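A look at the structure
Chain by chain, the residues run as shown.
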Amino acid sequence: MTNGAMLSSVADSLYWMSRYLERVEHTARLLIVNLNMTLDVRPPDARRRWQRLFQTLHVPVPEEPITDYLATQHLAFDPNNGNSIFSCISAARENARQVRAQISSEMWEHLNGMYLTFKANDLDAIWNDGPFNILRQVRNDCHMFEGLTDSTMNHWEGWYFIQTGRFIERALGIANLLVVNSDVFEPPSDDKVSDRYLDMLGLLKSCTAFEAYCKIYTATLVPERVADLLLLNDEFPHSVHFSIDRLQ
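Scope of this entry: the structure provided in the associated data block. Every value quoted in this text rests on a predicted model; they were computed, and no experiment measured them.

Focus on the pattern of salt bridges
If charged atoms from side chains of opposite charge come close, those side chains can pair. Evaluation of the coordinates by the stated rule reveals 11 salt bridges. In this structure, Arg170 and Glu22 form a salt bridge, with 2.9 Å as the shortest nitrogen-oxygen distance. Of this pair, Arg170 sits in helix H8 (residues 157–180) while Glu22 is found in helix H1 (residues 8–37), placing the two residues 148 residues apart along the sequence. The burial state of Arg170 is the same as that of Glu22; both residues are buried. The closest approach of N and O atoms between Arg48 and Asp199, which form a salt bridge, is 3.6 Å. Of this pair, Arg48 sits in helix H2 (residues 43–56) while Asp199 sits in helix H9 (residues 193–206), placing them 151 residues apart in sequence. What makes Asp199 buried here is its relative accessible area of 10%. Each of the salt bridges in this network shares a partner with another, and the network as a whole consists of Glu22, Glu146, Arg166 and Arg170.

Below, the structure is given as structure tokens:
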């Protein structure tokens, strides 16, 4: 297949494989942050954080009270939730299977192993030891797949469709996160100052941005600076601007 003869079905599979894996990494990262942050807040605040996370990921908020267990089960392991980590890994693997001839064997082996490993896990079995290990493994597996893609695949049309899927999904994920948490950028009442600090901290950590923020602005969290980093910074990989630049 020459560069100019790529079938639309092949481009579509590469594009969606990449989008699904970016969504997996995004969901795993947000789950890790939320599980950590709900350890130190009151139950009403924990429920508010979970509700926001469901809204951010475009998943219907359950009617029953949201607990850490229920949220992890639904967002990570539930095959009936089309945006769960398991569903997205499965969809990415299926798209990759359809274009195995267009991706490297290393990419396929890694993604297939990622699917089999996650499928073998059960939340009930790992809950007592904490779900952090499997979530971190999934997040790191996505990073490794990205590295394998860049280092083992020809940088031709197929590779560009993979980049397009990745950065469209990333820009949308960050934008959704900012929209749902937009009250972080509004002046707080006196009794909500500490809550806003935690919300800004959670927002930055959800975008792997806290360390980058501290290096640019120091550790003092200022809403305008948080927005500037996540929206307009052209050097930070999880800003909207960076993703749009890569798309262009």
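Now that the structure has been shown, we can carry on.
Remarks on unusual backbone geometry
Backbone geometry places Thr208, a non-glycine residue, at a positive phi of 50°. For Thr208, the location among the structural elements is in the loop between H9 and helix H10 (210–217). On the basis of relative accessible area, Thr208 is assigned to the partly exposed category, the value being 41%. A positive phi angle, near 75°, is found at Thr218, a position not held by glycine. When you line up the elements, Thr218 lands in the loop between H10 and helix H11 (223–232).

Definitions and cut-offs
Residues numbered from 1 in each chain as written. Predicted model: local features only at pLDDT ≥ 70, side-chain atom pairs only at ≥ 80, totals over all residues. Heavy atoms only, no water. Salt bridge = Lys/Arg side-chain N within 4 Å of Asp/Glu carboxyl O. Helix = DSSP H or I, 4+ residues; strand = E, 2+ residues; numbered from the N terminus. Buried < 20%, exposed > 50% of the residue type's maximum accessible area, 1.4 Å probe, protein only.

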